[in-house]
Amino acid sequence: MTVIVRFAPSPTGHLHIGNLRTALFNWLFAANQGGRFVLRFDDTDTERSRREFADMIETDLAWIGIGPHAVIHQSERLDHYAAAAERLKQAGLLYPCYETPDELDRKRKRLAARNLPPVYGREALRLSEAEKQAFEAEGRRAHWRFLLPNFTSDPHSPQRTEIHWDDLIRGPQTVDLGSLSDPVLMRADGSYLYTLPSIVDDGETGVTHVIRGDDHVTNTGVQIVLFRALGLDAPVFGHHNLLTAIGGEGLSKRTGALSLKSLRESGYEPMAVASLAVLVGLSGSIEAMPDLGALAERLRFDDVSPSASKFDPAELDRLNGEIVHALPYAAVAGRLAAMGVPEDRGGMFWQAVRGNCVKVADAGGWVPVVFGDLPDKPALSGDERAFVEAAGELLPEGDFGPETWREWTGKVKQATGRKGKPLFMPLRLALTGLDHGPELAALLPLIGRERTIARLS
Ligand code: GLU
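Thresholds, definitions, all that
Residues numbered from 1 in each chain as written. Predicted model: local features only at pLDDT ≥ 70, side-chain atom pairs only at ≥ 80, totals over all residues. Heavy atoms only, no water. UniProt positions renumbered as here; feature names shortened; annotations may be inferred. Salt bridge = Lys/Arg side-chain N within 4 Å of Asp/Glu carboxyl O. Helix = DSSP H or I, 4+ residues; strand = E, 2+ residues; numbered from the N terminus. Buried < 20%, exposed > 50% of the residue type's maximum accessible area, 1.4 Å probe, protein only. Near = heavy atom within 4 Å. Polar contact = N/O pair within 3.5 Å; in protein donor to acceptor, adjacent residues only side chain to side chain. Areas by Shrake-Rupley, 256 points an atom, 1.4 Å probe, with all protein chains shown as cover. 1 Å grid on protein atoms, 1.4 Å probe; cavity = no way out; pocket = protein on both sides within 12 Å on 5 of 7 lines; lining within 4 Å. Sits in = over half its atoms within 2 Å of the grid points. Axes fitted to C-alpha atoms, helices over the stretch in contact; angles between N-to-C directions. Parallel < 35°, antiparallel > 145°, perpendicular 65-115°, else oblique. Left-handed = near helix turned anticlockwise from the far one by under 90°. Contact = heavy atoms within 4.5 Å. Nonpolar A, V, L, I, M, F, W, Y, C, P; charged D, E, K, R; others polar. Pairing = 2+ DSSP bridges.

The chain has the name Glutamate--tRNA ligase in an unreviewed UniProt entry, where Aurantimonas marianensis is given as its organism. Quoted straight from UniProt, the Subunit (unreviewed entry) entry for the chain says "Monomer." Looking at the Subcellular location (unreviewed entry) heading of the UniProt record, one finds this comment for the chain: "Cytoplasm".

1. Brief notes about the pattern of salt bridges
Counted under the stated rule, the structure contains 28 salt bridges. Asp201 is the partner of Arg77 in a salt bridge, and the nearest nitrogen-oxygen pair spans 2.6 Å. On the criterion of sequence distance, the pair formed by Arg77 in the loop between strand S3 (70-73) and helix H3 (78-90) and Asp201 in helix H6 (residues 195-204) is long-range, its members being 124 residues apart. For Glu269, the salt bridge is made with Arg335, and the minimal N-O distance between the two is 3.0 Å. Taken together, the residues Glu269 in the loop between helix H8 (260-265) and helix H9 (270-279) and Arg335 in helix H12 (residues 329-338) connect sequence positions 66 residues apart. What makes Glu269 buried here is its relative accessible area of 8%. On the accessibility criterion, Arg335 (37% relative accessible area) is partly exposed. Among the charged side chains, a salt-bridge network with shared partners connects Arg6, Arg40, Asp42 and Asp202.

2. Quick notes on the UniProt feature "domain: Aminoacyl-tRNA synthetase class I anticodon-binding" (unreviewed entry) in the chain
Per the UniProt record, "domain: Aminoacyl-tRNA synthetase class I anticodon-binding" (unreviewed entry) is found at residues 398-456. Along residues 398-456 the backbone is 71% helical and 0% strand, and the end-to-end C-alpha distance reaches 17 Å.

3. Points about the site of the ligand
Surveying the vicinity of the ligand reveals the residues Arg6, Ala8, Ser10, Asp42, Tyr194, Arg212 and His216. Between the ligand and the protein, one listed contact pairs an oxygen atom with a side-chain N or O atom of Arg212 at 2.7 Å. Contact distances for the ligand include 3.1 Å between an oxygen atom and a side-chain N or O atom of His216. Summarising the interface, the protein chains cover 79% of the accessible area of the ligand, which totals 300 Å² for the free molecule. When atoms are counted within 2 Å of each cavity's grid points, the one that captures over half of the ligand is the largest pocket.

4. Focus on the packing of helix H15 (residues 382-393) against helix H16 (residues 404-416)
Two numbers describe how H15 lies on H16: the axes approach to 10 Å, and their chain directions differ by 120 degrees. One way to sum up the angle between H15 and H16 is to call them oblique. Of the two elements, H15 crosses H16, and the hand of that crossing is right-handed. Every residue of H16 that contacts H15 at Phe387, Ala391 and Gly392 is listed here: Trp408, Val412 and Thr416. Considered class by class, the residues forming the contact of H15 with H16 number 4 nonpolar, 2 polar and no charged.

5. Comments concerning the side chain of Asp176
As for its placement among the helices and strands, Asp176 is situated in strand S7 (residues 171-176). Setting aside residues no more than four positions away along its own chain, Asp176 makes contact with Gln159, Arg160 and Thr161.

6. Notes on the sheet that holds strand S4 (residues 94-97)
Reading across the sheet, the 3 strands line up as S4-S5-S8 and stay open at both edges, with antiparallel pairing between neighbours. The outermost strands of the open sheet, each flanked by one partner alone, are S4 and strand S8 (184-186). If you compare each strand with its neighbour and ignore which way they point, the axes differ by 45 degrees on average. Bridge count between strand S5 (residues 143-146) and S8: 2 bridges; the pairing is antiparallel. The residue of S8 that forms the bridge with Trp144 is Met186.

7. Remarks on the pairing of S7
Relative to S7, strand S6 (residues 162-167) runs antiparallel, the two being bridged by 6 bridges. Within S7, the position partnered with Glu162 by the bridge is Asp176. Linking S6 to S7, which pair antiparallel, is a turn of 3 residues.

Right under this line is the structure:
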């Protein structure tokens, strides 16, 4: 059996790191199983779905390295959902309801006042043909509910009806259909809510494993019986824990919080983002993985924590730094050239500065220090300025090389008696304008004799 998974975002906003967790759990699982990954746009909500969001989702996934084996747009498959809805109607499993949102709300409030759960009482099942026609004549249009199989003969006496499945991630699960409302599958305007199209597509496209966030656990109970009602095989389900922001609040596609677009634009490396999206909330250490293949080896569903995990931006910086510190020059040559780094000294420059960069873009801060002018002459006390000038007199002759710093500071130490921080800090300040940064031994040959002399005098 070929494993087929799907990632099914609604194109109503930008993907965030929590959505990426779902996409990667699917992608990596399929990669480990030699399976296929389908990208399915759940875009039956025409009001909120946008083509540009769908395009951006593909761009985001491509940035991470996820290329789908197939792309499906639900908006192009409406006839399949209509056929399925018709089959359910014929079987008496999809029934019309005429309550307005206000009426439903009042029903829920009445139940709450009696301390009863807000479960729909199937009042619409009691409507006679004449009553339905009267509603239609009034201009009301029906929304349609799926009759859950949670009763023996009288739908108005629902009973505890357990649905079980062995969840790939959470182990054995049980949902009681007796405590649920019949789900609305079609709105009064004829559009579909997410459930029916999802089941039809999962069934018809041969999805073998549905891996998604644990906010869908209850839906799964309903979906399993819907698969059965349509004569389709239910896939294996796996529900992973969700990611929240650092304060514990949920991530939302619409607020743009921690969107992949914003992470990409702020210069994070895709493997830092991917590593964190997967490894947070898994047992074991969170490290930057070199590629998706290595990340796939770390994905074990037994390791997934049962509770929500917090996404910590500081952790992302740490992982990004780990990756950047090890990036070879070839991987960044284009980006450095765009910052004005001359190609012939790019390799040396990158070796010198990468250990001080959390993001590749941070290298840009060292470009004027090395290849240009310091914005301001660094403020040094009279004593320090005199020390720096004296040190300038002791610069070794000839071109600067990797040994120049050691040779020079050796002479300065001998001549002035200074050592350690009092020796190198004024030189660092004079040469770079900063009290921290890459090894001066590596910077000095890049800064070169001419600039060094000018900054010391
Ligand atoms: N479009 C649904 C969502 O984003 C898909 C859920 C599912 O994977 O079944 O929540």
